[in-house]
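A structural walkthrough
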Amino acid sequence: MLGKKRNSATHTPLGRAARKARRLGKNSAISPIPLRHDAEASNSLTEQCVAAKLVLEGGEELNGFSFGAEVSKAGEVVFNTGMVGYPEALTDPSYRGQILVLTYPLVGNYGVPNDDEFDEYGLPAHFESNNIHVNGLIVASYSKDPSHWNSSESLGAWLRRSGVPALFGIDTRAMTKHIREHGALLGKIEFSGDPVSFDDPNKRNLVAEVSTKVIRVFGEGNSPRILAYDCGIKYNIIRYFIDAHKVQLTLVPFDYDLEANPEGVEWDGLFISNGPGDPALATATIKSLQYAMSLEPPKPIFGICLGNQLMALAAGAKTSKMKYGNRGMNQPCVDMRTGKCYITPQNHGFAVDTDALPEGWRTFFLNANDMTNEGIIHLTKPFCSAQFHPEAAGGPLDTAFLFDKFVAQVNGQTEPLVLHLPEIYENSAAKVRKVLLVGSGALSIGQAGEFDYSGSQAIKALKEEGVEVVLLNPNIATVQTSKDLGGASPDRVYTLPVRASVVCELLDKEQPDSIIVSMGGQTALNVGIELWEAGELQRRGIKVLGTQIPVIVATEDREKFSVKLREINETLALSFPASNVDEAIEAAEKIGYPVLIRAAFALGGLGSGFAHDRKELVDLASKAFSCSSQILIDQDLRGWKEVEYEVVRDVRDNCITVCNMENFDPLGIHTGDSIVVAPSQTLSNREYFKLRSTALKVVRHLGIVGECNIQYALHPDSERYCIIEVNARLSRSSALASKATGYPLAYVAAKLSLGNDLVSIRNSVTKNTTACFEPSLDYLVVKMPRWDLKKFQRVSTDLGSSMKSVGEVMAMGRCFEECIQKAVRMVLPGSKGLEGHGESIKGGDLEDKLKNPTDERLWMVQTALEQGYSIDRVHALTKIDRWFLSKLKMISTMKMAARVRGNLEKLAGPEIRAMKVAGFSDSQIADYTGSTEMLVRRKRTGLGIVPYVKQIDTLAAEFPAATNYLYMTYMGSENDIGPEEERRSVMVLGCGAYCIGSSVEFDWSAVSCVRELRKLGFAAIVVNYNPETVSTDFDESDQLFFEELSFERVLDIYEAQSVYGVVVSVGGQIPNNLAQPLQEVGVHILGTSPNDINRAEDRNLFSAMLDSIGVDQPPWASLDTIEGAQQWAEEHEYPVLVRPSFVLSGAAMKVASTPEQLSQFLETAADVSGDKPVVVSKFIVNAKEIEFDAVANNGHILNYAISEHVENAGVHSGDATLVLPAQRLYVQTIRNVKRIAQKIAAALSITGPFNIQLLAKDNFVKVIECNLRASRTFPFISKTLGVNFIQLATRCMVGAPAKPYSISLLDIDYVGVKAPMFSFTRLRGADPTLGVEMASTGEVACYGHDVHHAFMASMYSTGFKKPPPGSTLLVSIANDTFRNEFLPSMRLLREMGYILKCTPGTSTFYRDHNLDVIGLEKPPAKGENTCLQLITSGKISLVINIPEGTTQRDEVTAGYLLRRAAVDFGVNLITNLKVAVLLVESLKRVKHLELLSLEDYQASIPKPN
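Worth saying up front: this structure is predicted, and the values here are computed from it rather than measured. (Residues numbered from 1 in each chain as written. Predicted model: local features only at pLDDT ≥ 70, side-chain atom pairs only at ≥ 80, totals over all residues. Heavy atoms only, no water.)

Re the sheet that holds strand β21 (residues 468–472)
Backbone hydrogen bonds are what pair the strands of a sheet, in a parallel or an antiparallel way. In space, the five strands of this open sheet follow the order β22-β21-β20-β23-β24, with parallel pairing throughout. Each end of this open sheet is capped by a strand with a single partner; those strands are β22 (492–494) and β24 (543–544). As defined by bridge partners, strand β20 (residues 434–438) adjoins β21 across five bridges and the pair is classed as parallel. Across the sheet, residue L437 finds its bridge partner in β21, namely L471. (Pairing = 2+ DSSP bridges. Helix = DSSP H or I, 4+ residues; strand = E, 2+ residues; numbered from the N terminus.)

As structure tokens, then:
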């Protein structure tokens, strides 16, 4: 097999010795991040902590740093996978004598509440007992500076005051795995000079140590009377009994003789509490229990945790010690009476042996993961117990109803007992034959690649269930619209507009029995609602799978949602709906200004904003009504915390929260534009579980089936909260939560929509545990948005309630500093890390930027901290939580300390390690110390400082993971996995964040490559950090590294995993730019040589090469000075094109028509291109642009496709409308294109995919540029021609046999048209014009038997609305040449019955040519019968504004106002003459769209013999 490893190594990776997995105890200390506030003054990069070690009975020693009492102690070492609740866990008597390892790495964030506060019963108000019961605490990272309104001191201070040792800087994941493999074991925390012996606490009667010594009565005089055996009772149990059930609770010691009852305690029911240790040692309690069980008539008995084991022993059963116990907050337990599964908190090391239960006893609860006993119940007597903690502090309260049941029994209420068998969870899904899956259409701001991921997951789930899948989605670049890629594919794909009318026709044609509208974003959801409300689904008997439409409407319609929440006493942010501007004014005056305006049924905050007075309200409301019939006027909650929970519910009412997330930014910035952190960092246990309980209550009450998310506003200084909204569909957050946790939400939701239940679905990562669980993370995730606002003229960079980001990144690590620095490098390729702007912005300007957030917010915060602003001052200006700010301050502190050193030699190993733990890159350290990146790398690897490979396994290492879903971190001491042993590994570099110019089409290319590699027998390693992609689905590759696409990190992975070769040509520009530097350090780049890639990317070298091989190109020059460029432009005549090198989507590429413009554009291009050349070339006017996409092998072209642009050259290819096969090219032109392409392929020795862009004018062909990588058109050409160009390219790159496809363009009797999708509605102030720098955010492609049908379908798919017959069109064309070219189209429009209104110059021209047009005053005129008045009042159905060919300032200004008004008020806008002409022709010719699938069209392609 091609991918099988050979005996001889093909290369010797750097740092092989440093790559070996560390065993426990060897170099395992993680250098601490600086925690002292005086670090700047002392020039210290590491905290001067007291060192100590955790010694295990097997001899292993783990070095750490003390943050508790400096006293040695021994105990049993156990782990807890909970992510919150450390004050509750440490005071839980069940942990008596144990050294607790917390798997979640960030501990101490919210400090510790006041232990001097007592409740009305005299119990500590915030704790589970009077003191800490653990003998020691082990964590990975400790937050010395907590931030929480209820915190009175730090965790470390509390531990020191309590005499409890604690260590940080230990690889707690490695420790957890060690316990998992070897079982719970003895250990000791030892300080130098204070030796201590091992001690097994299980040999002691721990219950005797923690039990009360005196009888205590709570709620005296209440009824009924409960006698509780205190075996280590948690105080929350007492509170729960008294507060919720108003009982009299008599607490007795564990050894109270109930039969003798010396104190004469009167009782109606008996409760046995939790507690520590071996239950067999509590013989006195067992004896009293046996007496109680013998009473006739029997009295109700209920036990929890240890109480469950004691009841089993009293009944005659057996218990045994577990390997490592269950200690956490996410154990799934099935109630055998109802079949429902609950998430339970547990803390025990012993279990009941189910097989030893005597006659009359049965399993009450069953662990859904390992099928072990979680509770027992008597068949005829009122006795039952649970192994978990129903009252849960910390933890969920899902099973608190057991207390209700017990108290009800005590009160004499009985219910018949019916128990199910474990087989109840065999497949009970409803039979679905065929489903129509509605996709999201083109990518746009607010609705991006996450829906390709969710749709692909849904298709996979449906195909596993044997369901026929028909997909409607015109987004041709997606993986989900692909066939024969090696994964699950839809049976038929319709690339048609996602519109209700199209869906109706498809339902009639395909006759499905079901439809899914929850996987296609707001677009699909709105179509589903429209069809339901019109009765179209009901009339056809179509079943909506998943959440039902009335439920969706209840979440989308603010008024109905508010009513629903009031029914369960939940609070919605103060909000009123409005159907017109007057109602909006009335609502705002009820709430009080400022208010938030939002459009209902809208995506990503479209049509929203804050109004501070009536004038702003009227302006915003008018625009919002252009995209929605209802708007919402909301209370302004800016400054509150924004928190989100992802919730899953099945048809059996099993309900879980998969992930909770907290925004770095306070409320006021759309969550899509905010940095988001998972899990939440600043919520206490009470807040976390309070919001979780509310989420489950709301989702159950609404009746959601599948996945949804709920967003909260949480008051920063109390537990007050209100619900912002519920999204009853898969969302952007769903994709993020899926990738953050490893829980495939879309896949599970699709399974649930068929009627499957959560328990029967398997955990996709572990493969052998249930999907009915809540993931435990032992890492941190930071999502950061990516903006491209600099690409747009006049756009507002302010961030608010309407989303503006075009993509996002996700960084993983084990501390916040590491994650935020990773995320910065991901979102800005080439960036070295989080750096402020120095002294370039100061004083009032800086404070203004802090108060009013923009896309530079994070960098402004860092600038302030680096300039010495205090955390409190920055918090006052930004309302960002102090905990986050303290972490950013640490980054600033370390940077300053490293700079003071000034020399790499002065940085010691522990200091370098500390900086790497905090996420500093080698190039950052090099900058601070006057060194180079490679010298830093050489020094740290020589010191053994390398990152470790860690798995994402959903359960914090509690169970082995079957999937290699990975990240790298310096906060570790061993690798979770090593290199592939049997097969050669090929690393595929992904596309990074979606941005303008790099979108889902590159994800399609990466997935195509990866699947082909696996088919060829290679182990495929994907490196990417985009949570919206299919390539970052962990089952797409053999190893998925959710990591940076940086030189440093790619090299780290290459060395760690013994990679055979790297593919750089399927992920767009980011991987391409890494090819040369990687090759220079010995990395094996597959495909075209990096030297040749460099020759194509470097504008100077490429132009010189074209000259040398006799290929024509526009006149060009590489000039050193602006003056020289201006002189050259004068000689060759303006306009000229400014072209930087090594950039994507034409970044900083501009057409200059004047010397002033040329000077300005050259300066911008130099900033973007850095040290790479900037070339000036002649811009050829009125030339046709041609795309040539191909695959070559060793310089010989195997297959190609030639497509033409509708627009003339001057519009970026990503913004152009493409036609394939080309319809209007001369045969001679095509021959010239092929000849030129073969010359270039041979000159560059191309192996793999490539793209050439060319100009054609009068049969002369000139080359614009060549990209030696997959282009954004590869999915389009592959699907149009019915073959996969990337699969062929992959075979070429790895040296596999590569046979060309048999393609004849003459035999293709249909046409494909790829059209761009723009998001100008979201970019307030941006000028919606097109140029040589790309502006579109997505694309669609549709097909027809002629270009007009394909074009019209594509236009409708991008949101174009056909102007109704007899409606008014507004035409404004800038010069007579263009007006004359459009003259036949104007006559056609008149023939079709449209009313034509024009701006003054345009109307004069057409009147002179005998056309009946009406003249209007152009902007800025706003009165009656002006352009702006007609647009804003909805009286214009289409604006055709052609701005080309004018440089007059008033014309530009008027045109801008015209275009912007059209966009703001939802009016169709066309700004390109060629597109306008084709549109008019198509409106005339196309009466109805062709209802054919992609397969129908491809069936006409002749198959080779």
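That covers the picture; the talk isn't over yet.
Some remarks on the sheet that holds strand β57 (residues 1438–1442)
Taken in spatial order, the five strands line up as β56-β55-β54-β57-β58 in an open sheet, and their pairing is parallel. Every other strand in the sheet has two partners, leaving β56 (1414–1415) and β58 (1468–1470) as the edge strands with one partner each. Bridge count between β57 and β58: three bridges; the pairing is parallel. The residue bridging I1440 from the neighbouring strand is I1470, located in β58. Contacting β54 (1368–1373) and β55 (1395–1398), helix α42 (residues 1383–1391) crosses the sheet at an angle of about 140° to β55. (Contact = heavy atoms within 4.5 Å. Axes fitted to C-alpha atoms, helices over the stretch in contact; angles between N-to-C directions.)

A look at the pairing of β20
Counting buried positions along β20 yields five of five residues, so the element is predominantly enclosed. By the alternation rule, side chains of β20 split into K434, L436 and V438 and V435 and L437, which are all buried. Regarding the hand of the β-α-β motif, the stretch spanning β20, helix α11 (residues 450–464) and β21 is right-handed. Summarising the sheet, β20 and strand β23 (residues 514–516) pair through three bridges and their orientation is parallel. Considered in β23, the bridge of L436 is made with I515. (Buried < 20%, exposed > 50% of the residue type's maximum accessible area, 1.4 Å probe, protein only. Right-handed = clockwise from strand over helix to strand, strands pointing away.)

Here's the deal with the state of the cysteines
Across all of its chains, the model carries zero disulfides by this definition. For the unlinked cysteine C655, the closest cysteine sulfur is that of C708, found at 7.5 Å. C995 takes part in no disulfide bond, and the closest cysteine sulfur, belonging to C991, lies 8.5 Å away. On the accessibility criterion, C995 (11% relative accessible area) is buried. (Disulfide = S-S within 2.5 Å.)

Comments concerning helix α39 (residues 1285–1293)
Judged by how many residues are buried, α39 sits mostly within the fold: eight of nine residues are covered. What α39 keeps buried is the set F1285, I1286, Q1287, L1288, A1289, T1290, C1292 and M1293. In this structure N1284 caps α39, since a side-chain oxygen of it lies 2.9 Å from the backbone nitrogen of I1286. One or two residues past the end of α39 sits G1295, with phi positive at roughly 80°. (Polar contact = N/O pair within 3.5 Å; in protein donor to acceptor, adjacent residues only side chain to side chain.)

What to know about the confidence of the model for the chain
Note that predicted coordinates carrying low pLDDT should not be read in detail. Scored by pLDDT, the chain comes out at a mean of 89, with 93% of its residues at no less than 70. The least confident element of the chain is helix α1 (residues 16–19), whose mean pLDDT is 33; the most confident is strand β13 (residues 269–272), at 98. Below a pLDDT of 50 lies the segment residues 35–41, which in the model reaches 16 contacts outside its immediate sequence neighbourhood of four places, other chains included. (pLDDT = per-residue confidence, 0-100.)

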